[in-house]
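Spelled out from the first residue to the last, the chains are:
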Amino acid sequence: VEAFSDFLVYTLESQTIISDWAVVVFDTSSGFVDVYRGKNYKDEAETNDDGGVGCHIGEAQAASNTLTLRYTPGHYQPLVPVTRDSARPSLKKIISALDEAGVLYVITDGGDE
């Protein structure tokens, strides 16, 4: 996981489209979850930099910028909805579910803070 996470953190902090994404990695070996949040990722109800009216993004956009991966030693698989009608969860929903289930996770934020 280490080499992947080094690359991912660097990219999520960059001035690329990937910095608009959040990536959640479910590690099947440890049961731990790594959450990587790009510096430009906007979740539900967050505003854009200008803070103006109509700048809130919806759940669908937040979900479209959230990738979920399953890690087994030496291999990553995308976690995708079971059916076409299933919606991808937003990062906010994933973190809420992890908290509710008592799953350990860490968030690496690509922000400038």
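What comes next concerns the included structure. Nothing here was measured: the structure is a model prediction, and the numbers come from that model.

On to the overall build of the chain. Broken down by element type, the chain carries 3 helices and 5 strands. Order of helices (α) and strands (β) in the chain, N terminus to C terminus: α-β-β-α-β-β-α-β. For the chain, the residues scored as buried account for 32% of the 113 residues in total. As presented, the chain carries roughly 7,100 Å² of accessible surface, and 54% of it is formed by carbon and sulfur atoms.

Once that is clear, we can look at the environment of Ile17. Tracing the chain through its elements places Ile17 in the loop between helix H1 (2-12) and strand S1 (22-27). A relative accessible area of 61% means that Ile17 is categorised as exposed.

A few words on helix H3 (residues 91-101). Along H3, the positions that sit buried rather than exposed are Leu91, Ile94, Ile95 and Leu98. An end-on view of H3 places all buried positions within 95° of arc, on one side of the element. A positive backbone phi angle near 70° is found at Gly102, which sits one or two residues after H3.

A word on the nonpolar core. Formed by Ala22, Val24, Val33, Val35, Tyr41, Ala62, Leu91, Ile94, Ile95 and Leu98, the largest nonpolar core amounts to 10 residues. At the level of secondary structure, the elements contributing two or more residues to this core comprise S1, strand S2 (33-37) and H3. Sort the elements by how many residues they give to this core and H3 lands first, with 4 residues. Ranked by size, the runner-up nonpolar core spans 7 residues in total, among them Leu12, Val23, Val25 and Leu69.

Attention shifts here to the sheet that holds strand S4 (residues 75-78). An order of S4-S3-S1-S2-S5 is seen for the 5 strands of this open sheet, with the pairing classed as mixed. The strands lining the two open edges of the sheet, one partner per strand, are S4 and strand S5 (105-109). Adjacent strand axes in the sheet meet at a mean angle of 20°, parallel and antiparallel pairs treated alike. As judged from the 5 bridges shared by S1 and S2, these two strands associate in the antiparallel manner. Considered in S2, the bridge of Val25 is made with Asp34.

Relative to the helices and strands, Asn65 is located in the loop between helix H2 (59-64) and strand S3 (66-72). C-alpha separation for the pair Asn65 and Asp20, spaced 45 residues apart in sequence, amounts to 6.7 Å. Not counting chain neighbours up to four residues away, the residues in contact with Asn65 comprise Asp20, Trp21, Ala22, Tyr41 and Arg88. A polar atom in the side chain of Asn65 sits 3.4 Å from the backbone oxygen of Asp20.

Basis of the calculations
Residues numbered from 1 in each chain as written. Predicted model: local features only at pLDDT ≥ 70, side-chain atom pairs only at ≥ 80, totals over all residues. Heavy atoms only, no water. Helix = DSSP H or I, 4+ residues; strand = E, 2+ residues; numbered from the N terminus. Buried < 20%, exposed > 50% of the residue type's maximum accessible area, 1.4 Å probe, protein only. Areas by Shrake-Rupley, 256 points an atom, 1.4 Å probe, with all protein chains shown as cover. Arc of directions from axis to C-beta. Core = buried A, V, L, I, M, F, W, Y, C linked by side-chain atoms within 4.5 Å. Pairing = 2+ DSSP bridges. Axes fitted to C-alpha atoms, helices over the stretch in contact; angles between N-to-C directions. Contact = heavy atoms within 4.5 Å. Polar contact = N/O pair within 3.5 Å; in protein donor to acceptor, adjacent residues only side chain to side chain.

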